[in-house]
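# A closer look at the structure
The primary structure of each chain is shown beneath.
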Amino acid sequence: ADSEQAYLLVYQDAPRLHELEPGVHVIGNADAGEAAVPKVKRVLERAIGAVSDADGEPRDRLLEALARVCREHGSGSNPLDDTCVHVGDTYGTRSSILLELADSQDSHVESRLLYADGPPCEAQYEDFSSLLSELRQTPGYGAAEILTRTAS
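The structure reproduced in this document is the subject of the present report. (Residues numbered from 1 in each chain as written. Predicted model: local features only at pLDDT ≥ 70, side-chain atom pairs only at ≥ 80, totals over all residues. Heavy atoms only, no water.)

### What to know about the nonpolar core
When a protein is soluble and globular, its nonpolar side chains tend to lie buried together. Stated formally: For our purposes a nonpolar core is just a set of buried Ala, Val, Leu, Ile, Met, Phe, Trp, Tyr and Cys residues, chained together by side-chain atoms within 4.5 Å. Remark: exposure states derive from per-residue accessible area (1.4 Å probe, protein chains only) relative to the maximum for the residue type, with buried under 20%, exposed over 50%, and partly exposed in between. Secondary structure elements follow DSSP: runs of H or I no shorter than four residues count as helices, runs of E no shorter than two count as strands, and numbering proceeds from the N terminus. Any pair of residues with heavy atoms lying within 4.5 Å of one another is described as a contacting pair.
Ranked by internal contacts, the top residues of the largest apolar core, which has 16 residues, are Ala 50, Leu 63, Leu 66, Leu 98, Leu 114 and Tyr 125. Among the elements of the structure, helix H1 (38-53), helix H2 (59-70) and strand E6 (112-116) are those that each provide at least two residues to this core. Beyond its immediate stretch of four places on either side in the chain, Leu 63 contacts Leu 98, Glu 100, Arg 112 and Leu 114.

### Here we look at the packing of aromatic side chains
Condition: Between rings of Phe, Tyr and Trp, where Trp is taken as its six-membered ring, a pair exists when centres lie within 6.5 Å; planes separated by under 30 degrees are stacked, by over 60 edge-to-face, and by other angles tilted.
Applying the stated criterion across every chain yields a total of 1 aromatic pair. With centroids separated by 6.0 Å and ring planes inclined at 80 degrees, the aromatic side chains of Tyr 115 and Phe 128 adopt a geometry described as edge-to-face. You can see Tyr 115 sitting in strand E6 and its partner Phe 128 sitting in the loop between strand E7 (125-127) and helix H3 (130-136), a full 13 residues away along the chain. Look at Phe 128 and you get partly exposed, because its relative accessible area is 30%.

### Details of the state of the cysteines
Our working definition: Two cysteine sulfurs form what is called a disulfide whenever their separation falls within 2.5 Å.
Tallied over the full model, the rule gives 0 disulfides. No disulfide involves Cys 84; its sulfur sits 3.7 Å from that of Cys 121, the nearest cysteine. Cys 84 gets classed as buried once you look at its relative accessible area, which sits at 0%.

### Concerning H1
Going by this rule: For a helix, the expected span equals 1.5 Å multiplied by the residue count minus one. By definition, the arc is the one covered by directions from the helix axis to the C-beta atoms.
With 16 residues, H1 ought to run about 22 Å at 1.5 Å a step, and its terminal C-alpha atoms sit 22 Å apart, in line with that. Of the residues making up H1, those classed as buried are Val 40, Val 43, Ala 47 and Ala 50. Relative to the axis of H1, the buried residues are bounded by an arc of 90 degrees and lie together on one face. Exposed positions of H1 whose direction lies more than 90 degrees from the buried face are Pro 38 and Asp 53.

### Notes on the pattern of salt bridges
Which entries qualify depends on this criterion: One side-chain nitrogen of Lys or Arg within 4 Å of one carboxyl oxygen of Asp or Glu is enough to make a salt bridge.
Within this structure, the stated rule accounts for 7 salt bridges. A salt bridge links Glu 64 to Arg 68; the nearest nitrogen and oxygen atoms lie 4.0 Å apart. Of this pair, Glu 64 and Arg 68 both sit in helix H2, separated by 4 residues, roughly a single helical turn. For Arg 71, the salt bridge identified is with Glu 64, shortest N-O distance 2.9 Å. Overall, the relative accessible area of 22% leaves Arg 71 in the partly exposed class. Via salt bridges that share partners, Arg 59, Asp 60, Glu 100 and Arg 112 belong to a single interconnected network.

See the structure below:
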């Protein structure tokens, strides 16, 4: 993803590439093309609500509101329906990413990448936004593809 385009690659029997339109997206274990999955639909609605509520607020409040959505528990009788899943010691949410891509036309706003190395209800989000700057300094995807073909 960059400020111009975003894609999601889903592998289920075979790889499928989804182009993501501008806006809010929730990506979990369900296929990204399946917005009808109740959990994904609920989390997406909560995320869109957080974005709407934060309109005009400082940007840090937006990411904190989205982090709260990622930390949610108690959505029903099935722990798998929670945003942050905990099922015994063997299954559950292992990490969480919040990615905000700035409009390429606005040089005053930087893209941000926050990562929680563990369930977001337990692990703090850390700022890895500097990695986004590093990506902008590498050759474009097309150049990387040409280099790969040349090397093989």
